[in-house]
Structures are given as C-alpha cells and as structure tokens.
Amino acid sequence: MKAADILISEVGPRDGLQSVAATMPTADKLRWIDALHAAGVREIEVASFVPARLLPQMADAAEVVRHAITLPGLTVMALVPNRRGAQAALEAGVHKLTMPVSASAAHSLANVRKTREEMVDEVRAIAELRRELAPHIRLEAGISTAFGCTMQGDVPEDEVIWLAALCVEAGADEAGLSDTVGYANPAQVRRLFRRLRAELGDRAGAAHMHNTRGLGLANCLAAYEEGVRTFDASLGGLGGCPYAPGASGNVVTEDLVFMLEAMGVRTGIDLQRLMAARAPLIAGLPGEAVYGMTPEAGLPKGFVQGHYAHV
Ligand code: ZN
C-alpha cells in the first residue's frame, strides 16, 4: 500500500446505516467493509454500540467488529454513547472509540437527555474504563452540532472550543468537529479548526462534514488548508439527515477522494476499487438513495491516479 498524506475515515457502516430505515443484513455489511478495505480504506467506523431496541440496524455490532478486526492494517472504530456501550465495544475488540458530544445545549438535552457537562463526565468514565481494560485503544470525542443546530440555531464558537478542551481534559485523545446538520461554511470551518488547533495542538481531531447544502467538499478543503488530516466521509453519501432533495447528508467518500487525489494529496485509496465498493452497499440496501458526482460522471479523460505533480 502506498503511503498516504491524510486519513479518510469511512463512517458509512455506522453513520450511514443508522440513518436509513432499512437494516442491512450482516453478511452484506461484511462484504461492504471488505470492499472498502480492499480499496485501501484504513479506518472504518463499523458500528454503534447502542441498545438494539433503539437502533435495530446496529444489533450485530459485535459480530461486525469481530470480522473487521481480522482485516490487516484496518483501524476499526465504533461509536459509543456511554460507558456500557464502550465496555461492549472494547470486549468485541475495537481499536478506537468515538464518543459524540453535542456543542448545542438544546441538542444535547433533546438527544441524550444530558447536559454537555454530564456528557463530559461520560467521556471521563469511558476514558477510565479504557485505561483499565485496554489502554492502547484510542478515544476520540466528536463535537457534534459544532457549526450550528436545527433546534438552537447558532452555536457560539467559544462554547465549541470550551467543550472540545473539556473532553480532552477528561481523557479523550483527540476532539474533532462535526457539522451534524450541514450548516457550516468554509470561512467558519477555517476559523473553528484554527482555534481548535491553537487550543489542542495535535489533539485537534477529524473534520466530519455534511453535504446538506452542497458545501461538504468546500468545507473539507477549508479544513485541509487549516491542517486537518483526518476526514470522515460516507460511501455513496449514505446517511446524515439528507433532508435537502438531491443532496446527501455525509460527504461522499468517492468525491472527497477524487478531489484530494486530483490535487496531489495521497489518500492511500484506489478510486476504481472505491467505486466498486458501491456494489455491495447497493446490494445490501436495495432502493436506498446513493449519491456521488464522481461515480456518476466517471473520472476525467486521461486521469491517472498516483501521478502527483506536486510531491
Ligand atoms: Zn454524519
């Protein structure tokens, strides 16, 4: 595998699958994850450890993790909302935990019925559990609604940075920023990631951008130019509240990889194989909308991946 300049963290099997009504059969999930890995994807958020009665799409989380950890070189990540979920994820053998913490006070109360400070306490509890059970496992806090919130509207930037810093103090290895509802614009992305890096240094984490208003790639580019080197994206743009017709929720992995590779930024991912990984996704979720401009248009004439003029 060639070296990569950045890390694409594929979130489709978690963020995508938990946002659609249908449940993808386990065998299809495993085929999809295998195809992503074969394309060179080296980090996948494969599941969410939540009670199956809340999210039946994730009932097979442990089984999916146990398969994914057999794939060489793959960092297997799972979302955990609390200590109990973290324990189950660690027992299944994940390499990395991600914990969502909402920067919007209103969203936090409505979504998890906890204040933001109470969620920081959960981060601390998970960090302590990790120290006891599996100190080599990484813990990331994903600051959701960092760029605005459908309930509250504006989310003050000072509160986003304050919360990210609290999560790191509580034991998270890194804190990233999520545009959960697709409100972000590139100037805001630059400002917030610059502040995050100033506050946290190399503990500033990933950019999780949505394409709800068509700004997903522009926001990723803005984050890249501020030094962000890990990007969440979802194959086929699956998931992430796509309430604007024709626009996906999550940033489309295929389009993001095309943009970066065309710029000469090495992703480690083979575009043709990445597009081939749409087949098991579509097969496992028949009838579900799958997005992506690059897969529809095809690669430009004469485009050869791996010709990096500027490196
Ligand atoms: Zn998302």
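Residues numbered from 1 in each chain as written. Predicted model: local features only at pLDDT ≥ 70, side-chain atom pairs only at ≥ 80, totals over all residues. Heavy atoms only, no water.

Student: Hey, could you go over the packing of helix H2 (residues 26–38) against helix H3 (residues 61–68) for me, with residue numbers and the actual values?
Tutor: Orientation of H2 relative to H3, taken along the N-to-C sense of each, is 35°, at an axis distance of 10 Å. Considering the relative orientation of H2 and H3, their crossing is right-handed. Touching Thr26, Lys29, Leu30, Ile33 and Asp34 of H2 are Glu63, Val64, His67 and Ala68, all from H3. The class makeup of the residues in the contact of H2 with H3 is 4 nonpolar, 2 polar and 3 charged. (Axes fitted to C-alpha atoms, helices over the stretch in contact; angles between N-to-C directions. Helix = DSSP H or I, 4+ residues; strand = E, 2+ residues; numbered from the N terminus. Left-handed = near helix turned anticlockwise from the far one by under 90°. Contact = heavy atoms within 4.5 Å. Nonpolar A, V, L, I, M, F, W, Y, C, P; charged D, E, K, R; others polar.)

Student: For the side chain of Ser9, give the residues involved together with the corresponding values.
Tutor: Inspection of the secondary structure puts Ser9 in strand S1 (residues 7–10). A polar contact of 2.8 Å, which involves the side chain of Ser9, links it to the side chain of Glu43. Non-local contacts of Ser9, meaning those with residues more than four positions away in its chain, are made with Glu43, Met77, Thr230, Phe231, Asp232 and Ala233. (Polar contact = N/O pair within 3.5 Å; in protein donor to acceptor, adjacent residues only side chain to side chain.)

Student: Help me get a handle on the pairing of strand S3 (residues 75–79), residues and values and all.
Tutor: For S3, the buried fraction is high: 4 of the 5 residues fall into the buried class. Across 5 bridges, the pairing between strand S2 (residues 43–48) and S3 is parallel. Among the inter-strand pairings, Glu43 is bridged to a residue of S3, identified as Thr75. Both S3 and strand S4 (residues 96–102) contribute to a ladder of 3 bridges, which runs parallel. If you follow Leu79 over to S4, its bridge partner there is Thr98. (Buried < 20%, exposed > 50% of the residue type's maximum accessible area, 1.4 Å probe, protein only. Pairing = 2+ DSSP bridges.)

Student: Got a sec to walk through helix H10 (residues 253–263)? Specific residues and values, please.
Tutor: Burial analysis of H10 places 8 of its 11 residues in the buried class, which makes it a mostly covered element. For H10, the set of buried residues is Thr253, Glu254, Asp255, Leu256, Val257, Met259, Leu260 and Glu261. Along its buried surface, H10 packs onto S1, helix H9 (216–225), strand S8 (230–233), helix H11 (271–276), helix H12 (278–284) and helix H13 (293–297). The positive-phi residue at the C-terminal boundary of H10 is Gly264, with phi of around 90°.

Student: Account for the sheet that holds strand S5 (residues 138–144), naming residues and giving values.
Tutor: Spatial strand order, S1-S2-S3-S4-S5-S6-S7-S8: 8 strands in a closed barrel with parallel pairing. When strand polarity is set aside, the average angle formed by the axes of neighbouring strands in this sheet is 30°. Pairing between strand S6 (residues 174–178) and strand S7 (residues 204–208): 3 bridges, direction parallel. The residue of S7 that forms the bridge with Ala175 is Ala204. Helix H6 (residues 116–133) rests against S4 and S5 of the sheet, and its axis sits at about 170° to S4. Lying on the sheet, H10 is in contact with S1 and S8; it crosses S1 at an angle near 175°.

Student: Tell me what's going on with the pairing of S2, and back it up with residues and numbers.
Tutor: Here is the key point about a regular strand: its side chains alternate between the two faces of the sheet. Along S2, 6 of the 6 residues are buried, which leaves the element largely enclosed by surrounding structure. In the sheet, S1 pairs with S2 via 2 bridges, with the strands oriented parallel. Its bridge partner being in S2, Glu10 is matched across the sheet by Ile44.

Student: Explain the pattern of salt bridges to me, using residue names and the numbers behind them.
Tutor: Per the counting criterion, the structure on display carries 19 salt bridges. Among the salt bridges present, the one from Lys96 reaches Glu140, with a minimum N-O distance of 3.8 Å. One end of the pair, Lys96, is in strand S4; the other, Glu140, is in strand S5, and 44 residues separate them in sequence. Across the pair, exposure class does not vary: Lys96 and Glu140 are buried alike. For the salt bridge of Arg116 with Glu159, the shortest nitrogen-to-oxygen distance reads 2.7 Å. Separated by 43 residues along the polypeptide, Arg116 in helix H6 and Glu159 in helix H7 (residues 157–169) bring together distant segments of the chain. (Salt bridge = Lys/Arg side-chain N within 4 Å of Asp/Glu carboxyl O.)

Student: Any details on the packing of aromatic side chains? Residues and values, ideally.
Tutor: As enumerated under the stated definition, the model contains 1 aromatic pair in all. Centre to centre, the rings of Phe258 and Phe303 are 5.3 Å apart; their planes meet at 55°, and the pair counts as tilted. Of this pair, Phe258 sits in helix H10 while Phe303 is found in the segment after H13, placing the two residues 45 residues apart along the sequence. With a relative accessible area of 23%, Phe303 lands in the partly exposed category. (Phe/Tyr/Trp six-rings, centres within 6.5 Å; stacked < 30°, edge-to-face > 60°.)

Student: Got a sec to walk through the layout of surface pockets? Specific residues and values, please.
Tutor: If you add up the space inside the largest pocket, you get close to 1,400 Å³. For the largest pocket, the lining is made up of 50 residues, of which Arg14, Gln18, Leu79, Pro100 and Asn111 are closest to its centre. Sorting the residues of the lining of the largest pocket by element identifies helix H1 (12–19), S2, helix H4 (83–92), S4, helix H5 (105–112), S5, S6 and S7 as the ones contributing at least two each. Class assignment for the residues of the lining of the largest pocket results in 22 nonpolar, 19 polar and 9 charged. (1 Å grid on protein atoms, 1.4 Å probe; cavity = no way out; pocket = protein on both sides within 12 Å on 5 of 7 lines; lining within 4 Å. Points joined across faces, edges and corners; volume = space filled by probe spheres on them.)

Student: How would you explain the environment of Gly249 if you had to name every residue and give the values?
Tutor: With respect to the helices and strands, the residue Gly249 is situated in the loop between S8 and H10. A relative accessible area of 0% means that Gly249 is categorised as buried. Taking the C-alpha atoms as reference, Gly249 lies 23 Å from Ala59; in sequence the two are 190 residues apart.

Bear in mind that shape data such as this cannot, by itself, settle questions of function.
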